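Chain residues, written in single-letter form:
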Amino acid sequence: MKFLKPALFFLGITTFVLAGCQGHTYLSKSASFAAPKTDYAAEGYVQATVTLYDVDGCKWLITLADGKRIIPSPALAENFAVDGLKVWLKYALKKGAVGTCMAGTIVELTAIEKQ
């Protein structure tokens, strides 16, 4: 009995301390070892905006920063099919490609990333 009170006291304090330590995050989200930002312009990407162009034969166009319009073929992935979405992209002209849209140049997207 003599040792029961100090043992219970120690057990209670230990439980209190351990319970109080749960859920704390000691590293900030802007830690210095976070993944570096990609410099898309330096990697050859161009800035563009996805544009809904709902006309027969067309659906989604991409407007480049210089105002030119391109038509992605195959069509944009669902997660990029958002009107006004700012993107970085790389593309290649599709030689001999024919389409009914006639609102821009048909291209094949080789890479696309959200801004």
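It should be emphasised that the depicted structure is a prediction, and the values quoted were computed from it without experimental measurement. Per chain, residue numbering runs from 1 following the sequence as it is written. It should be noted that, the model being predicted, local features are given only for residues of pLDDT at least 70 and side-chain atom pairs only at 80 or more, the latter also being counted only at that level, while totals for whole chains, interfaces and linings use all residues. Excluding hydrogens and water, the side-chain figures rest on all heavy atoms present in the structure.

1. Regarding the sheet that holds strand β3 (residues 69–72)
Then comes step 1: Two strands form a pair only when DSSP identifies at least two bridges running between them. Put simply, DSSP H or I for four residues or longer makes a helix, DSSP E for two residues or longer makes a strand, and each gets a number counted from the N terminus. A barrel is described by the order of its strands in space; here five strands give the closed sequence β1-β2-β3-β5-β4, paired in mixed fashion. Going from strand to strand, the sheet's axes swing by 55° on average, the running direction of each strand aside.
Then comes step 2: As paired elements, strand β1 (residues 46–52) and strand β2 (residues 60–64) share five bridges and run antiparallel to each other. Along β2, the bridge assignment pairs Thr51 with Leu61. Each axis is a line fitted through C-alpha atoms, taken for helices only over the stretch in contact, and angles between the N-to-C directions span 0 to 180 degrees.

2. Regarding the state of the cysteines
Then comes step 1: Pairs of cysteine sulfur atoms within 2.5 Å are what we label disulfides. Inspection of every chain in the model, using the stated rule, returns one disulfide.
Then comes step 2: One disulfide bridge connects Cys58 with Cys101, the sulfur atoms lying 1.7 Å from each other. The sign of the S-S torsion, about 115°, decides the handedness of the disulfide formed by Cys58 and Cys101: right-handed. Residue Cys58 is found in the loop between β1 and β2, and its partner Cys101 is found in the loop between β4 (86–93) and β5 (105–114); the two are separated by 43 residues along the sequence.
Then comes step 3: A 1.4 Å probe rolled over the protein chains alone gives each residue an accessible area, and that area as a share of the maximum for its type sets the label: buried under 20%, exposed over 50%, partly exposed in between. The class for Cys101 is buried, based on a relative accessible area of 14%.

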